[in-house]
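Architecture at a glance
Below, each chain spelled out in residue letters.
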Amino acid sequence: MIKTLFCSWLFCFLTLGNVSALEFYTEDFPPYNYMEGKELKGIGPNIIRELSKEVGDEPKITVLPWARAYKYAQEIPEVGIFSIVRTPKREDVFHWVGPLYTVRIGLYAEKANKHLYQGTNEENLDQARKVGNIAVQLGGAGEELLTTLRFQNLNKIVNVNKAMFLLLKGRYDLLETSDAYMSYMAKEEGISVDVVSEIALIGQYDMYLAFSKSTPLEVVQKWQDALDRLRQRQSVENPS
């Protein structure tokens, strides 16, 4: 009897341990998630740390190139990935927790080329389809979104941290990214953000924490409930 109870307790302990021993993946993509020395900073990690305290778990966070992080999040059981845009193509690939925050994504040109895009947003998008190349992150949401919008001139890049510099050097005709990224990188490079211009808006998108499909739904719901509680408290503390 005692042996049976001990085995039952041990099984429950190991099961709970496996449920809470999560690993999260993210990328080095400022200002959302970025390494400063050995410390991971940014909007995404800050929210995840708040959620971790609320949930009572402390996942291991690993920073990887986006394409690899995305691949691992699909293939490895019971892991999470953030900050990730929830697109139609990705909808059934993961379990979703969010939204965490919202980003504005557009196409950017060097200021000297702004005069080429003086029409409506749709007209500017059409003009952008005719340029030599548009830099997009390999495997990122921008690649999917622009492909859906019938763009065939996409230059898929791995290192997004050099993207603004290469745009200004004329390596790319246009760059798909967010306004927050442009502001951050301009500050890092010590230049005015006015040296680039948003020539077309792609859209505003919510960022999420996504779990691999093998993750137990009770774990996913636990994190969503924690986020809902945080949002409710913030709403009370900072009423609009």
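Residues numbered from 1 in each chain as written. Predicted model: local features only at pLDDT ≥ 70, side-chain atom pairs only at ≥ 80, totals over all residues. Heavy atoms only, no water.

With that out of the way, let us pick up the overall build of the protein chain. On a plain count of helices and strands, the protein chain comes out with 8 helices and 10 strands. When its C-alpha atoms are laid out on the principal axes, the protein chain stretches across 80 × 40 × 35 Å. Residues counted as buried form 45% of the 240 residues belonging to the protein chain. Counting contacts in the protein chain only where the partners sit at least 6 residues apart, residues at least 24 apart contribute 72% of the total. A total of about 13,100 Å² of accessible surface is found on the protein chain, and carbon and sulfur atoms cover 53% of it. The distance from the centre of the 27 positive side-chain charges to the centre of the 31 negative ones in the protein chain is 3 Å. (Helix = DSSP H or I, 4+ residues; strand = E, 2+ residues; numbered from the N terminus. Buried < 20%, exposed > 50% of the residue type's maximum accessible area, 1.4 Å probe, protein only. Contact = heavy atoms within 4.5 Å. Areas by Shrake-Rupley, 256 points an atom, 1.4 Å probe, with all protein chains shown as cover. Lys, Arg positive; Asp, Glu negative; His and termini not counted. Charge placed at Lys NZ, Arg CZ, Asp CG, Glu CD.)

Strand pairing in a sheet is mediated by backbone hydrogen bonds. Such pairs are either parallel or antiparallel. Ordered in space as S4-S1-S5-S10-S6-S9-S7-S8, the 8 strands form an open sheet in which the pairing is mixed. Since the sheet does not close on itself, it has two edges, and those belong to strand S4 (60-63) and strand S8 (154-157), each with one partner. Taken pair by pair, the neighbouring strands of this sheet meet at an average axis angle of 30°, ignoring direction. With 4 bridges connecting them, strand S1 (residues 23-26) and S4 associate as parallel partners. Looking at S4, one finds that tyrosine 25 is bridged to threonine 62. Across the sheet, helix H3 (residues 66-75) is in contact with S1, strand S5 (79-85), strand S6 (94-110), strand S7 (134-137) and strand S10 (196-212); its angle to S5 comes to roughly 130°. (Pairing = 2+ DSSP bridges. Axes fitted to C-alpha atoms, helices over the stretch in contact; angles between N-to-C directions.)

Looking now at the packing of helix H2 (residues 43-55) against helix H8 (residues 217-237). Packing of H2 against H8 brings their axes to within 9 Å, and their N-to-C directions diverge by 105°. By the angle between their axes, H2 is roughly perpendicular relative to H8. Contacts from Ile47, Ile48, Glu50, Leu51, Ser52, Glu54 and Val55 of H2 reach H8 at Lys222, Trp223, Ala226, Leu227, Arg229, Leu230, Arg231, Arg233 and Gln234. When its residues are assigned to classes, the contact of H2 with H8 shows 8 nonpolar, 2 polar and 6 charged. (Parallel < 35°, antiparallel > 145°, perpendicular 65-115°, else oblique. Nonpolar A, V, L, I, M, F, W, Y, C, P; charged D, E, K, R; others polar.)

So, on to the side chain of aspartate 57. In this fold, aspartate 57 is placed in the loop between H2 and S4. A relative accessible area of 10% means that aspartate 57 is categorised as buried. At 3.2 Å, the side chain of aspartate 57 and the side chain of lysine 222 are in polar contact. (Polar contact = N/O pair within 3.5 Å; in protein donor to acceptor, adjacent residues only side chain to side chain.)

For the rest of this paragraph, the subject is unusual backbone geometry. Peptide bonds are trans in most cases, and residues, glycine excluded, mostly fall at negative phi. Here the amide bond leading from phenylalanine 82 into serine 83 is cis, since omega sits at -15°, within 30 degrees of zero. Take serine 83: it is sitting in strand S5. Residues glycine 98 and proline 99 are joined by a peptide bond in cis, for which omega reads 0°. Mapped onto the elements of the fold, proline 99 is located in strand S6. Positive phi, normally seen in glycine, also occurs at glutamate 78, with a value near 55°.

Centre distance and the angle of the planes are the two values used to describe a pair of aromatic rings. The tally for this structure, following the rule as stated, stands at 13 aromatic pairs. Among the aromatic residues, those joined into a ring-pair cluster are Trp66, Tyr70, Phe94, Trp96 and Tyr208. Over the face of the ring belonging to tyrosine 208 we find arginine 86, whose NZ or CZ atom lies 5.2 Å from the ring centre. (Phe/Tyr/Trp six-rings, centres within 6.5 Å; stacked < 30°, edge-to-face > 60°. Lys NZ or Arg CZ within 6 Å of the ring centre and 35° of its normal.)

Below, the discussion takes up the environment of asparagine 153. Examined against the element boundaries, asparagine 153 turns out to sit in the loop between helix H5 (141-148) and S8. Between the alpha carbons of asparagine 153 and glutamine 221 there is a distance of 40 Å; along the sequence they are 68 residues apart. Sequence-distant contacts of asparagine 153, that is, excluding residues within four places in its chain, are made with Ala128, Arg129, Lys130, Val131, Gly132, Asn133 and Ile134. In terms of polar contacts, asparagine 153 uses its side chain to reach the backbone carbonyl oxygen of alanine 128, at 2.9 Å. A distance of 3.4 Å separates the side chain of asparagine 153 from the backbone oxygen of arginine 129, its partner in a polar contact.

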